[in-house]
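Examination of the molecular architecture
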Amino acid sequence: MCLAIPAKLVELLANEQAIVNLGGIRKQVSIALVPGVAVGDYVIVHVGHAIGRIDPEEAERTLALFGEMAQFDAQQAEIAP
């Protein structure tokens, strides 16, 4: 199974590269597969490549779900013997 996560594009760089914000972490990714993206767009990122553009509302819902899963995992870790 592959996992791609939404990230907000915060800076365009040379050579089809960009900086995205992944929950407060800034990461350089290739945008070669998503022509025409702009700062402020949300993209789906998989292994260092933006592979598609995503609606901002859908991106926020997905990120919120990831946050809930992380909280649940943390709670379970506290409960486990």
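In short, a report on the structure. (Residues numbered from 1 in each chain as written. Predicted model: local features only at pLDDT ≥ 70, side-chain atom pairs only at ≥ 80, totals over all residues. Heavy atoms only, no water.)

1. Some points on the pattern of salt bridges
Rule in force here: Note on definitions: salt bridges are taken to be side-chain nitrogens of Lys or Arg within 4 Å of carboxyl oxygens of Asp or Glu. Where helices and strands are cited, they refer to DSSP runs of H or I of at least four residues and of E of at least two residues respectively, numbered from the N terminus. Each residue's exposure class comes from its accessible area (1.4 Å probe, protein chains only) as a fraction of the maximum for that residue type: buried when under 20%, exposed when over 50%, partly exposed otherwise.
Scanning all chains against the criterion turns up three salt bridges. In this structure, the salt-bridge partner of Arg26 is Glu11, at a minimum N-O distance of 3.2 Å. Here Arg26, found in strand E3 (residues 25–30), pairs with Glu11, found in strand E1 (residues 5–13); they are 15 residues apart in sequence, far enough to count as distant. Relative accessible area serves as the criterion here: at 52%, Arg26 is assigned to the exposed category. On the basis of relative accessible area, Glu11 is assigned to the partly exposed category, the value being 32%. With a shortest N-O distance of 3.4 Å, Arg53 and Asp41 are connected by a salt bridge. Residue Arg53 is located in strand E5 (residues 49–54), and its partner Asp41 is located in the loop between E3 and strand E4 (42–46); the two are separated by 12 residues in the primary sequence. The exposure class assigned to Asp41 is partly exposed, which follows from its relative accessible area of 21%.

2. A look at the side chain of Thr62
Condition: Under this definition, polar contacts are N or O atom pairs within 3.5 Å; protein pairs additionally need one hydrogen-donor-capable and one acceptor-capable atom, and for neighbouring residues in sequence, both atoms have to be side-chain atoms.
Mapped onto the fold, Thr62 is located in helix H1 (residues 56–79). Judged by its relative accessible area of 18%, Thr62 is buried. In terms of polar contacts, Thr62 uses its side chain to reach the backbone carbonyl oxygen of Glu58, at 2.9 Å.

3. Overview of unusual backbone geometry
Even without being glycine, Asn15 reaches a positive phi, approximately 60°. One can find Asn15 in the loop between E1 and strand E2 (17–22). Judged by its relative accessible area of 71%, Asn15 falls in the exposed class. Of note in this structure, Glu16 is not a glycine but carries a positive phi near 55°. Position of Glu16 among the secondary structure elements: in the loop between E1 and E2.

4. Re the pairing of E1
The condition is simple: At least two DSSP bridges between two strands are needed for those strands to be called paired.
When E1 meets E4, the two strands line up antiparallel, connected through four bridges. Opposite Pro6, over in E4, you have Ile44 as the bridge partner. Where E1 meets E2, five bridges bridge the pair, whose relative direction is antiparallel. Across the sheet, Leu9 pairs through a bridge with Val20, a residue of E2. Counting the residues between successive antiparallel strands, the hairpin from E1 to E2 contains three residues, one of them, Asn15, with a positive phi of roughly 60°.

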